Amino acid sequence: MPGDDLRDDDPILEEPVNATQLVRVEKAESILKTKVLIVEDNQDLREFMKDKLTETYYVLTANNGKEALEIAKKEQPHLVISDIMMPEMNGIVFCQSLKNGSETSHIPVILITAKDAIEDQRKGLEAGAIDYIVKPFDLDRLLMRVQNILSARLRLIAQYRENVWTGIQEVN
């Protein structure tokens, strides 16, 4: 049973944890971990993806594109995984809005959808998506794509910082 391995003299049990402390821990985790926003109107699929991604990433979720756009502006996720067919704002319009926003245009988007026609895929990529995955999809493939995209971005950032640092040293 969870918690059976804890002893009464364990330091973690010395002070009770209150709601404020939990919020601080969650906020610290959101700063330290890479943020991924999942936009999916199907609750079961959204929770399934969240459960798998939470092992590695800090996961935010939204039910539709309109809600996701607000979350993206506020939370600045490192990557978005979005369905296309959703109420209020579909994934194509959401992706276009995200890519047209000055504060969110840098966020990569993976679109996932049951729409498998080449024309639909073209529209998704034209909207600014970095990838287009057709449902049903292999979760391991999605996880690898997420990892590859985020790793490439981190390498790019590291290279940019190194070039800037080298330039600063040369000026001095």
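Keep in mind the model is a prediction, meaning the values are calculated, not measured.

**Some thoughts on the nonpolar core**
And step 1. Membership of the largest hydrophobic core comes to 23 residues, with the highest contact counts inside it found for Leu37, Val39, Val80, Phe94, Leu98 and Leu111.
And step 2. Those elements that place two or more of their residues in this core are strand S1 (35-39), strand S2 (58-62), helix H3 (65-75), helix H4 (91-100) and strand S4 (109-113).
And step 3. Discounting chain neighbours no more than four positions away, the residues touching leucine 37 are Leu60, Thr61, Ala62, Ala68, Ile71, Ala72, Pro77, Leu79, Val80 and Ile81.
And step 4. In this structure, Leu45, Leu53, Ile133 and Leu142 belong to the second largest nonpolar core, which totals 18 residues.

**Considerations on the sheet that holds S4**
And step 1. Pairing is parallel across the open sheet formed by 5 strands, whose spatial order is S2-S1-S3-S4-S5. Both outer strands of the open sheet, S2 and strand S5 (131-134), are each paired with one neighbouring strand and no more. Shown here is a sheet whose adjacent strand axes are inclined to one another by a mean of 20 degrees, direction ignored.
And step 2. Lying on the sheet, helix H5 (residues 118-126) is in contact with S4 and S5; it crosses S5 at an angle near 145 degrees.

The rules behind the values
Residues numbered from 1 in each chain as written. Predicted model: local features only at pLDDT ≥ 70, side-chain atom pairs only at ≥ 80, totals over all residues. Heavy atoms only, no water. Core = buried A, V, L, I, M, F, W, Y, C linked by side-chain atoms within 4.5 Å. Buried < 20%, exposed > 50% of the residue type's maximum accessible area, 1.4 Å probe, protein only. Helix = DSSP H or I, 4+ residues; strand = E, 2+ residues; numbered from the N terminus. Contact = heavy atoms within 4.5 Å. Pairing = 2+ DSSP bridges. Axes fitted to C-alpha atoms, helices over the stretch in contact; angles between N-to-C directions.

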